[in-house]
Amino acid sequence: MKVKTILVSQPEPKVENSPYFELQQKLKIKVDFRPFIHVEGVSAKEVRAQKIDLNNFTAIILTSKNSVDHFFRVAEEMRYKVPEDLKYFCQSEAIAFYLQKYVVYRKRKIYVGQKDFVDLSPLIKKYKDEKFLLPSSDQLNADIPQTLNGLKVNWVPGTFYRTVMSDLSDLKDVYYDVLAFFSPTGIKSLFKNFPDFVQNNTRIAVFGSTTQKEALEHGLRVDIMAPTPETPSMTMALEKYIIKANKESKDK
């Protein structure tokens, strides 16, 4: 069946040259954005209840822009003056760049990984005597504790924010040809909001094996998968599928 509409379960991109906008123009389809999940900050009181004292740490491990925002929010709530010699270990260049929102870059000790968390290993190992804090969400990827424990470093995880399912009740009678998901929680949100959801002809696109697993466990048929060697991004996977589906539909 032809694809005319896509709902991406993420916020609308803020950049004009987003691949989603290019996809929309190129294939003459409608792409809407709606976050199925959102992030809520944990209060300083709740962080203290986790027995976390920011004064005890000499290094911070940052795995996302959310972790940056919520570390500095909690620090402010705790009236903790972030020391200039605090070390920052950022999972990617984008996170390190985002850090400039809060610190003067050239005056700080900032160490940057390539992309995946494991890429930070050599840098963390080099500074293994530091006391590391990992501010994260309540849904921490399993590979992160495994990697840090494997390095035998002194580290403490802290829940600084939570991933919460959004209210999607206004979408009750809205139909899309494709729904695109990026996390297991996104799939859970779909079924929390619409317990009686039946897939029928709706195509499901998923990013990542954990999202795929969650979709299959909920009895969904996964039609579009990313990343793959051929389609490393969601937009590439969508484009490939839509071109094929729309051509087949036209030929019938």
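Residues numbered from 1 in each chain as written. Predicted model: local features only at pLDDT ≥ 70, side-chain atom pairs only at ≥ 80, totals over all residues. Heavy atoms only, no water.

- The name given to the protein chain in an unreviewed UniProt entry is Uroporphyrinogen-III synthase, with Flavobacterium cauense R2A-7 as the source organism.

## A word on the sheet that holds strand β8 (residues 154-165)
- Spatially, the six strands line up as an open sheet ordered β3-β8-β7-β4-β5-β6, and their pairing is mixed. Each end of this open sheet is capped by a strand with a single partner; those strands are β3 (37-41) and β6 (109-112). Averaged over all pairs of adjacent strands, the angle between strand axes in this sheet comes to 25°, irrespective of strand direction.
- With four bridges connecting them, strand β5 (residues 87-90) and β6 associate as parallel partners. Paired with C90 across the two strands is V112, which belongs to β6. (Pairing = 2+ DSSP bridges. Helix = DSSP H or I, 4+ residues; strand = E, 2+ residues; numbered from the N terminus. Axes fitted to C-alpha atoms, helices over the stretch in contact; angles between N-to-C directions.)

## Let's talk about helix α1 (residues 19-27)
- Along α1, the positions that sit buried rather than exposed are Y20, F21, L23 and L27. Taken down its axis, α1 places every buried residue within 160° of arc, on the same side. Turned more than 90 degrees away from the buried face of α1, the exposed residues are Q25 and K26.
- Those residues of α1 that are buried lie in contact with β1 (5-8), β2 (30-33) and α9 (234-251).
- In the stretch just after α1, K28 is the one whose phi turns positive, near 55°. (Buried < 20%, exposed > 50% of the residue type's maximum accessible area, 1.4 Å probe, protein only. Arc of directions from axis to C-beta. Contact = heavy atoms within 4.5 Å.)

## Here we look at the sheet that holds strand β11 (residues 222-226)
- Spatial strand order, β2-β1-β9-β10-β11: five strands in an open sheet with parallel pairing. A strand with exactly one partner marks an edge of an open sheet, and here the two such strands are β2 and β11. If you compare each strand with its neighbour and ignore which way they point, the axes differ by 20° on average.
- Alignment of strand β10 (residues 203-207) against β11, held across four bridges, turns out to be parallel. If you follow F207 over to β11, its bridge partner there is A226.
- Packing of α9 onto the sheet brings it into contact with β1, β9 (178-181), β10 and β11, and relative to β11 it is tilted by some 140°.

## Observations concerning the side chain of T211
- Relative to the assigned elements, T211 resides in helix α8 (residues 209-217).
- Among the polar contacts listed, one links the side chain of T211 to the backbone nitrogen of S183, at a separation of 3.4 Å.
- Side-chain polar atoms of T211 contact the backbone oxygen of F207, separated by 2.8 Å.
- T211 has contacts with F181, F182, S183, P184, I187 and V206, leaving out every residue within four places of it along the chain. (Polar contact = N/O pair within 3.5 Å; in protein donor to acceptor, adjacent residues only side chain to side chain.)

## Quick notes on helix α6 (residues 143-151)
- Listed in full, the buried residues belonging to α6 are I144, T147, L148 and L151. Looking straight down α6, one finds its buried side chains confined to an arc of 95°; they lie on one side. In α6, the exposed residues that point more than 90 degrees away from the buried face are Q146 and G150.
- Among the structural elements, β4 (59-62), α5 (121-126), β7 (131-137) and β8 are those in contact with the buried residues of α6.

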